[in-house]
Amino acid sequence: MRYNNNYAPKLLKGIGVSPGIIIGKAHLVDSSRVRVRYKYVRTEAEVAEEVEKFRGALLKTEQQLNILKNQMPDQVREHEFMLDSHLMILKDSMLTDATVKKIQNEKINAEWALTKSLKEVKQIFEQIDDEYIGSRIRDVQNVTERVLRNLSGKEPPHLSDINERVIIVAHDLSPADTAELNISRVMGFVTDAGGRTSHTGILAHALQIPAVVGLESVSEMVEDGDLLIVDGTTGEVVINPEDSDIIYYQEKQLQHEAYISGVSKTSHLPAITIDGHRLAVLANIEFLEEVTAVRDYGGEGIGLYRTEFLYLRSKELPTEEELFENYREVAEIIAPKPVTIRSLDLGGDKVPADFDIKKEANPALGLRAIRFCLKEPHVLKTQLRAILRASVYGEVQLMFPMVSDVEEVLVAKEILNQAKSELDREGVAYDCDLRVGIMVEVPSAVTIAEVLARHVEFFSIGTNDLIQYALAIDRDNEHVAYLFQPFHPAILRMIHQVVKAAKQAGIPVSICGEMAGDPLCIPFLVGLGLDQLSMNARAIPLIKNLIRLISLEEARTDVENMMRFETADEVKAYAMERAMILVPEFGEKGRQQEILLR
Ligand code: PEP
Ligand code: MG
């Protein structure tokens, strides 16, 4: 169904995944689903024909993907792995062999059998409690969609023949779709589907093109040729704007461009407040491939290396050697700057295939992170050996996640000591002074922070989980997302308490949750006296710049003021006010409201 634009809301709000503002014409990409009908296939000959048709479609899809891979624009060549992953999915027996079996055993047509296989794969993915891995089901969907199109003879959307500068509007964009695009003609992307870790976002980032995803039905609201404004920073999309909107966003665009170019020029300078207080600004990463971007954006190291990916990408657990090679490379590339490697934060539904653990009713409260590792000490020890071995190749630190009591720290450190003794016996080198810290992200750890501080060498506050556990809000549940409030007075008090405990014990304290990269939170975090902030690499230039505009003294007053408020809304309003004074480029308030009310 297509909405009539006369009645459509003019302003849509999605997730801004690549910053910047653009104004241009929409180019609607028909990435609509192929309609699949059930057909009963009677005879052996018909069954054989369906199987053959299916294999033919797989082959055609493989050829198409290989052609697209070869045509990939240079700017995104480093993301070729996305198409490789599609080629791998195409060969996965859960899709291919399972579909053939269904055709043969259930006597159904290839399209119906493939759709059933996709459903089964989806069910498996739904059990994975990890935003990144979970969102990869869209890759499987994209590949399946392409095979279905080939089965039905429907042509894939042609994106190579766009001959003017446009904003691409689609239900979803697969890496194959993006590879086909004439990038020089694309001003931006907006899609119905997608989240923060979607491919559209990753590619838009690489291309430095504004993008907004997760708009739910933008592809049904927009007509080809409609004028659009896309603000990839705020996630706003305005359809057929009025002249005054255009003027407003043009101004914002100019300010944004001037601001970003100014900010980028200084991203390699240290983040020192105007009264001389220095904060270390580091990056969070999940993949080895991100390390060079950390340096490019002026990151002063890696404050959080999430290490789950190597464990979830295949059915088998990674070997010590694989882990060591990966950690060594990260440590070497970022050296002499530091990297803090977090031990496994697996568990709940995020369990490697090798483990036969029952599905839990409340995975976030279940056998996750350090709890999982202490239940499977050999897994932890293998990882710790790899981290220890890598520690001689750079400035490595180790951090345990989701600690909720002292006992966990003691046992984890005991396993670390065992790993060290083993390496000693084997004559393998490691950094004897490897610093060990914990993530403070469970309310009980906040309460006993001063006790925990006696047993570790640093704290890193994981505000993503701290907010989830303190406010009882499932961080992945969109129905309670509105309650996820970093500025909740309880959260401010908890961070304050942890920083105080760390200072009293004389250990450094950092923040590695999303709050660290949120400009609105910076005065509060600076004022509290945090030593280090670790964030998405792209946020680094802006955050460093902001720190340079603040004085520690003023920020301390901000903390006092913010701690006096009774509600999150009051704190947020104060933080907005401050940000607006510090950086007027953040834009006027009330504009969104104005457009919505029209
Ligand atoms: C956090 O919880 O704030 C954090 C940084 O860790 P993750 O998002 O990986 O749980
Ligand atoms: Mg966490």
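Note that this is a predicted model, so its numbers are computed, not measured. (Residues numbered from 1 in each chain as written. Chains lettered and ligands numbered in written order. Predicted model: local features only at pLDDT ≥ 70, side-chain atom pairs only at ≥ 80, totals over all residues. Heavy atoms only, no water.)

Not every one of the 14 residues close to ligand 1 is listed here, only the nearest: Arg306, Gly462, Asn464, Asp465 and Arg475. Separating an oxygen atom of ligand 1 from a backbone N or O atom of threonine 463 is a distance of 3.1 Å. It is helix H19 (residues 463–471) that provides the largest number of residues to the shell around ligand 1, a total of 3 residues. Partitioned by chemical class, the residues of the shell around ligand 1 number 3 nonpolar, 4 polar and 7 charged. (Near = heavy atom within 4 Å. Polar contact = N/O pair within 3.5 Å; in protein donor to acceptor, adjacent residues only side chain to side chain. Helix = DSSP H or I, 4+ residues; strand = E, 2+ residues; numbered from the N terminus. Nonpolar A, V, L, I, M, F, W, Y, C, P; charged D, E, K, R; others polar.)

This part is about helix H20 (residues 489–505). Compared with the 24 Å implied by 1.5 Å per residue over 17 residues, the 24 Å span of H20 between its first and last C-alpha is a close match. Listed in full, the buried residues belonging to H20 are Pro489, Ile491, Leu492, Met494, Ile495, Val498, Val499, Ala501 and Ala502. (Expected span 1.5 Å × (residues − 1). Buried < 20%, exposed > 50% of the residue type's maximum accessible area, 1.4 Å probe, protein only.)

Moving on, we come to the sheet that holds strand S6 (residues 211–213). Spatially, 8 strands are ordered S1-S8-S7-S3-S4-S5-S6-S2 in an open sheet, and the strand pairing comes out mixed. Each of the sheet's edge strands pairs with one partner strand only, and the pair in question is strand S1 (11–13) and strand S2 (15–18). The sheet shows a mean angle of 30° between the axes of neighbouring strands, taken without regard to direction. With 4 bridges joining them, strand S7 (residues 227–231) and strand S8 (residues 236–239) adopt antiparallel strand pairing. Within S8, the position partnered with isoleucine 229 by the bridge is valine 238. (Pairing = 2+ DSSP bridges. Axes fitted to C-alpha atoms, helices over the stretch in contact; angles between N-to-C directions.)

Turning next to the pairing of S8. The alternating pattern of S8 places Glu236 and Val238 on one face and Val237 and Ile239 on the opposite face, and all of these are buried. By the bridge criterion, 3 bridges tie S1 to S8 in an arrangement that is antiparallel. Pairing of lysine 13 across the sheet is with glutamate 236, part of S8. Between the end of S7 and the start of S8, which pair antiparallel, lie 4 residues, with glycine 235 showing a positive phi angle near 80°.

Take the coordination of the magnesium ion (ligand 2) next. Protein coordination at the magnesium ion (ligand 2) comes from Glu441 (OE) and Asp465 (OD), with a distance range of 2.0 to 2.2 Å. Residue glutamate 441 is found in the loop between strand S14 (435–440) and helix H17 (443–447), and its partner aspartate 465 is found in helix H19; the two are separated by 24 residues along the sequence. Among the residues examined, aspartate 465 registers a relative accessible area of 3% and is labelled buried. (Donors = N, O, S within 2.8 Å, 3.2 Å for Na, K, Ca; no water.)

The next thing to look at is unusual backbone geometry. Look at the link from alanine 335 to proline 336: it is a cis peptide, with omega at 5°. When you line up the elements, proline 336 lands in the loop between helix H13 (320–334) and strand S12 (338–342). Backbone geometry places glutamate 216, a non-glycine residue, at a positive phi of 70°. Counting through the fold element by element, glutamate 216 comes out in the loop between S6 and helix H9 (218–221).

Attention now moves to the side chain of serine 343. Mapped onto the elements of the fold, serine 343 is located in the loop between S12 and helix H14 (369–375). Judged by its relative accessible area of 1%, serine 343 is buried. Other than its neighbours up to four places away in sequence, serine 343 contacts Thr307, Glu308, Leu380, Gln383, Leu398, Met399, Phe400 and Pro401. (Contact = heavy atoms within 4.5 Å.)

Quick look at the pattern of salt bridges now. Going through the model one piece at a time under the given rule, you end up with 26 salt bridges. As a salt-bridge pair, lysine 53 and glutamate 50 come within 3.3 Å of each other at their nearest N and O atoms. Linking lysine 53 with glutamate 50, this pair stays in helix H1 (residues 44–71), spanning 3 residues, or about one helical turn. The exposure class of lysine 53 is partly exposed, given its relative accessible area of 32%. We classify glutamate 50 as buried; its relative accessible area is 5%. Taking the shortest distance from any N to any O, the salt bridge between arginine 342 and aspartate 345 comes out at 3.6 Å. Take arginine 342: its relative accessible area is 5%, and that puts it in the buried class. (Salt bridge = Lys/Arg side-chain N within 4 Å of Asp/Glu carboxyl O.)

Mean pLDDT over the protein works out to 86, with 88% of the residues at or above the 70 mark. Between residues 1–9, whose pLDDT stays under 50, and residues either more than four places distant or in other chains, the model counts 15 contacts. (pLDDT = per-residue confidence, 0-100.)

The subject of this paragraph is the nonpolar core. If you look at the biggest cluster of nonpolar residues, it comprises 108 residues, and the most contacted ones within it are Phe400, Phe459 and Leu533. In terms of residue count, the dominant contributor to this core is H20 (8 residues). With near-sequence residues (within four places) excluded, leucine 533 lies in contact with Leu279, Ala280, Val281, Leu282, Ile511, Ala516, Ile522, Leu525, Ile543 and Ile547. Judged by nonpolar contacts, the second largest core, of 30 residues, contains Phe54, Ala110, Phe125 and Val143. (Core = buried A, V, L, I, M, F, W, Y, C linked by side-chain atoms within 4.5 Å.)

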